[in-house]
Amino acid sequence: MKRDRVIVVGAGHASAQLCVSLRQGGWDGEIALVGDEPSLPYQRPPLSKTFLHGTTTLTDLLIRGPDFYEKEDVTFRHARVTGIDREAGTVALDDGDALSYDRLVLCTGARPRPLDVPGADLAGVHALRDAADIEAIRGTLRTARRAVIVGAGYIGLEAAASLRKLGIEVAVLEVADRVLQRVTAPEVSAFYDRVHREEGVDLRTGVGVAGFEGDWHVRAVRLTDGAEIPADLVVVGVGVLPNVELARDAGLAVENGIVVDEHGRTDDPRIFAAGDCANHYDARYGTRMRLECVANALEHAKAIAGAICGKGKPISALPWFWSDQYDLKLQIAGLSTGHDEVVLRGNPDVGRSFACFYLADGRLIAADCVNRPKEFMFSKRAITQELSPDRVLLADPDTPLVSLLQTPARSAR
Amino acid sequence: MGTITFVEHDGTPHQVELEDGTSLMELATNNGVPGIDGDCGGEASCGTCHVMVDDAWIATTGTRTELESQMVEMSPECGPNSRLACQLRATPALDGLTVHLPEFQM
């Protein structure tokens, strides 16, 4: 008897979670994973850290080992999907094959936004997204002396921290007037600005890149203010573009990502999209959003697996993020968009540990926690429970956080 | 080389083969144990691999670190033997270990 088949396009965090959740949800049909990278799904966050330093291998980073896929009867194929025929229910592969699907999940991710300036294609100018990018950067580290990072978002700042750790001179350029501008409060930006300077980074904000100089290999970065910084390694981290072309060419709705409902379903009931490429409706925040983080990819995958297995549970988990730089462990709970007030616990101007809580109408909606795991876990709970903690107590280091949680009654067990 | 047993909150046991040097979180996820997520991949960042070590074993596994404490103590299910499975490395000495899972990972 022919078994139904789920095809998962792309092999990242969402894809691995789909394999897990589909089997846990009772899917006993085929699962075919098609990825355009040669590897099974691997952890991306360590790429800019331990993988760049060469202390972990790609095998170490596999989200699940090869045994898992074998045991769970998941096939992996290294190929690029070039088109979707919705009427026939097939996808075309770049090796000329076509595969039929009963359910299709697009986990196509995102690609680094290219920097459109002269010299961007010189050798020594790198993006930072997948293992191959890092392997290319790693190949230059033995001789690299001066690195320039373009973009002071999380990717850029993590790369800066990693390269400093290797003793390489690092300059970071940011076109906005502060680091992490898109995602954090000015207090948090000021903290990261200070720490990177303390670690020896030449940090320049409010300045853009006019071009890269060099014959075949980059030797300097020319800035919009006329300055020139010598560089033998450039890492560009100026955001990503969602990979929506497959979906768009197939006639699916696309708007800042592939448009999906709260179950991850596109406007074709047999096709879903998960992770960085998907734009979902979020009931908690009452808006559509496209997030670029592991937790979001996992939550999408779980919701989609539920929908495919007939046990639909909408996308509902609180988004969260993390970023490791130097000795800083930043954990972020929730989304701060729309906050009207910031409450600090600890002092970001001194030392390296504090939490920044974001409130809207008195309600806690997000928190940036630097070396404050307790504040992070508190925030996860408090945001989920829609609490409005007292501002003064929230800021008071002597008030135990647990006292600010109105723990709901739990059933006796 | 031995086994480790993960017991779900509803009492369902999952016996998995012990692999020396692998974290308990990886052992659980690679063997499809439900109730251990390990979303951050083992960096003690997410707190989704909370387990409770059987009393008889806590001397062998050791108690949780300060970082783990900060992560798990906000869970209403935190107990004296709560640990993060990603911070527990399997060794032959842990052959026969049983850990219990909370009802909810945070």
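Structural data are supplied above this passage.
Figured I'd write up the structure that's included with this text. What you are looking at is a predicted structure, and each value in this text was computed from that prediction instead of being measured. (Residues numbered from 1 in each chain as written. Chains lettered and ligands numbered in written order. Predicted model: local features only at pLDDT ≥ 70, side-chain atom pairs only at ≥ 80, totals over all residues. Heavy atoms only, no water.)

### Observations concerning the overall build of chain A
Rules: The helix and strand labels rest on DSSP assignments: H or I over at least four residues marks a helix, E over at least two residues marks a strand, and numbering proceeds from the N terminus. The criterion used for residue contact is that any of the two residues' heavy atoms lie within 4.5 Å. Here the open area of atoms and residues is found with the Shrake-Rupley method and a 1.4 Å probe, where only the protein chains shown may cover a residue. Charged residues are defined narrowly, with Lys and Arg counted positive, Asp and Glu counted negative, and His plus the chain ends left uncounted. Every charge is mapped onto a representative atom, which is NZ of Lys, CZ of Arg, CG of Asp or CD of Glu.
Within chain A, the secondary structure is distributed over 11 helices and 26 strands. Projected onto the principal axes, the alpha-carbon positions of chain A cover approximately 65 × 65 × 35 Å. Partitioning the contacts of chain A with sequence separation of at least 6, the portion at a separation of at least 24 is 60%. Carbon and sulfur atoms form 49% of the exposed surface of chain A, whose accessible area is close to 17,500 Å². Taken together, the 48 basic and 58 acidic charged side chains of chain A have centroids lying 4 Å from each other.

### Observations concerning helix H10 (residues 373–384) of chain A
All names here are of chain A. We apply this condition: By this rule the span expected of a helix is its residue count minus one, scaled by 1.5 Å. Three exposure classes are used, based on accessible area relative to the maximum for each residue type with a 1.4 Å probe and protein chains only: buried under 20%, partly exposed in between, and exposed over 50%.
Helix length check: H10, at 12 residues, gives a terminal C-alpha distance of 17 Å against a target of 16 Å (1.5 Å per residue), a fit within 8%. Here H10 lies mainly inside the structure; 10 of its 12 residues are buried. Residues of H10 that are buried include every one of Pro-373, Glu-375, Phe-376, Met-377, Phe-378, Ser-379, Lys-380, Arg-381, Ala-382 and Ile-383, and no others. Of the residues flanking the end of H10, it is Glu-386, one or two places downstream, whose phi is positive at about 55°.

### Topic: the pairing of strand E14 (residues 220–223) of chain A
Residue and element names in this part refer to chain A. Selection criterion: For two strands to be treated as a pair, DSSP must find no fewer than two bridges joining them.
Note that strand E13 (residues 209–213) and E14 share four bridges and pair antiparallel. Its bridge partner lying in E14, Glu-213 is registered against Ala-220. Between E13 and E14, which pair antiparallel in sequence order, lie six residues; one of them, Gly-214, sits at a positive phi of approximately 150°. Here E14 folds back onto strand E15 (residues 228–230), and the loop between the two strands holds four residues, one of which, Gly-226, carries a positive phi near 95°.

### Focus on the interface of chain A and chain B
Here is the rule: Values labelled buried area give the accessible surface lost by two parts on being combined, using a 1.4 Å probe and summing over both. In the sections that follow, a salt bridge refers to a side-chain nitrogen of Lys or Arg positioned within 4 Å of a carboxyl oxygen of Asp or Glu. Under the rule applied, a polar contact is a pair of N or O atoms within 3.5 Å (in protein, one hydrogen donor and one hydrogen acceptor; residues adjacent in sequence only if both atoms are side-chain atoms). Note on residue categories: nonpolar means Ala, Val, Leu, Ile, Met, Phe, Trp, Tyr, Cys or Pro, charged means Asp, Glu, Lys or Arg, and polar means any other residue, Gly included.
Facing 29 residues of chain A, the contacting portion of chain B comprises 28 residues. Summed over both partners, the interface of chain A with chain B buries about 2,400 Å², with 53% contributed by carbon and sulfur atoms. Residues Asp-37 of chain B and Lys-302 of chain A are paired through a salt bridge, measuring 3.9 Å at the closest nitrogen-oxygen approach. Applying the counting criterion to the chain A and chain B interface returns 11 residue pairs in polar contact (both at pLDDT 80 or more). Counting residues per element, the ones that place at least two in the side of chain A that touches chain B are helix H4 (66–71), helix H9 (294–308), strand E22 (320–325), strand E23 (328–334) and H10 of chain A. Per element, the largest residue contribution to the side of chain A that touches chain B is seven residues, and it comes from H10 of chain A. Across the side of chain A that touches chain B, the residue classes tally to 14 nonpolar, four polar and 11 charged.

### Describing helix H6 (residues 154–165) of chain A
Every α-helix carries 3.6 residues per turn, so stepping three or four residues along brings you back to the same face. All names here are of chain A. With 12 residues, H6 extends 16 Å from end C-alpha to end C-alpha; this agrees with the ideal 16 Å at 1.5 Å per step. For H6, every residue scored as buried is listed here: Gly-156, Leu-157, Glu-158, Ala-159, Ala-160, Ala-161, Ser-162 and Leu-163. Where H6 is buried, its residues touch helix H2 (50–53), strand E10 (146–150), strand E11 (169–174), helix H7 (186–198), strand E16 (233–236) and E22. Just downstream of H6 lies Gly-167, where phi reads positive at about 85°.

### Let's talk about the packing of aromatic side chains
Residues and elements named next belong to chain A. The condition is simple: For Phe, Tyr and Trp, rings pair up if their centres lie within 6.5 Å, where Trp contributes its six-membered ring, and each pair is then called stacked (planes under 30 degrees apart), edge-to-face (over 60) or tilted (otherwise). When the NZ atom of lysine or the CZ atom of arginine is within 6 Å of a ring's centre and also within 35 degrees of its normal, the charge is said to sit over that ring.
Counted according to the given criterion, the structure contains six aromatic pairs over all chains. Ring geometry for Trp-320 against Trp-322: centres 5.2 Å apart, planes inclined by 25°, an arrangement best described as stacked. Across this residue pair, the class does not change: Trp-320 and Trp-322 are buried. The residue whose ring lies beneath Arg-64 is Phe-68, and the NZ or CZ to ring-centre distance is 5.6 Å. Against the face of Phe-51 rests Arg-138, its NZ or CZ located 4.4 Å from the ring centre.

### Details of the side chain of Thr-184 of chain A
Residues and elements named next belong to chain A. Position of Thr-184 among the secondary structure elements: in the loop between E11 and H7. Within polar-contact distance, the side chain of Thr-184 engages the side chain of Ser-189 at 3.3 Å. Among residues more than four places away in sequence, those in contact with Thr-184 are Tyr-154, Arg-178, Val-179, Ser-189, Tyr-358 and Asp-368.

### Here's the deal with the nonpolar core
Where we set the bar: For our purposes a nonpolar core is just a set of buried Ala, Val, Leu, Ile, Met, Phe, Trp, Tyr and Cys residues, chained together by side-chain atoms within 4.5 Å.
Counting residues in hydrophobic clusters, the biggest one holds 129 residues, and the most contacted among them are Tyr-192 and Phe-378 of chain A together with Ile-4, Phe-6 and Leu-24 of chain B. With nine residues, the single largest contributor to this core is H9 of chain A. By size, the runner-up hydrophobic cluster in this structure holds 24 residues, among which are Ala-79, Val-81, Tyr-101 and Leu-246 of chain A.

### Section: the sheet that holds strand E18 (residues 258–260) of chain A
Strands belonging to one sheet form pairs held by backbone hydrogen bonds; the direction of such a pair is parallel or antiparallel. Residues and elements named next belong to chain A. Quick reminder of the rule: The axes are straight lines fitted to the C-alpha atoms, using for helices just the contacting stretch, and the angles between their N-to-C directions are given from 0 to 180°.
Taken together, the three strands give an open sheet; going across it, the order is E18-E20-E21, and neighbouring strands pair in mixed fashion. The two strands at the open ends of the sheet, each matched to only one other strand, are E18 and strand E21 (287–289). Adjacent strand axes in the sheet meet at a mean angle of 25° when their direction is disregarded. Judged from the three bridges that link them, strand E20 (residues 278–282) and E21 form a sheet pairing that is antiparallel. Looking across to E21, one finds that Asp-282 is bridged to Thr-287.

### Digging into the sheet that holds strand E24 (residues 341–345) of chain A
All names here are of chain A. Spatially, the five strands line up as an open sheet ordered E22-E23-E26-E25-E24, and their pairing is antiparallel. If you trace the sheet from one side to the other, it starts and ends with E22 and E24, each paired once. Adjacent strand axes in the sheet meet at a mean angle of 15°, parallel and antiparallel pairs treated alike. Strand direction decides the pairing type here: E24 and strand E25 (residues 354–360), joined by five bridges, are antiparallel. What sits directly across from Arg-345, in E25, is Ala-355.

### So, the packing of helix H1 (residues 13–24) of chain A against H9 of chain A
Residue and element names in this part refer to chain A. Stated formally: Less than a right angle of anticlockwise turn of the near helix away from the far helix marks a crossing as left-handed, whereas a clockwise turn marks it as right-handed.
Taken N-terminus to C-terminus, the directions of H1 and H9 make an angle of 35°; their axes are 8 Å apart at the nearest point. Both H1 and H9 take part in a crossing whose hand is right-handed. Two secondary-structure elements touch here, H1 through His-13, Ala-14, Gln-17, Leu-18, Ser-21 and Leu-22 and H9 through Val-294, Ala-297, Leu-298, Ala-301, Lys-302, Ile-304, Ala-305 and Ile-308. Looking at the contact of H1 with H9 residue by residue, the class counts come to 10 nonpolar, three polar and one charged.

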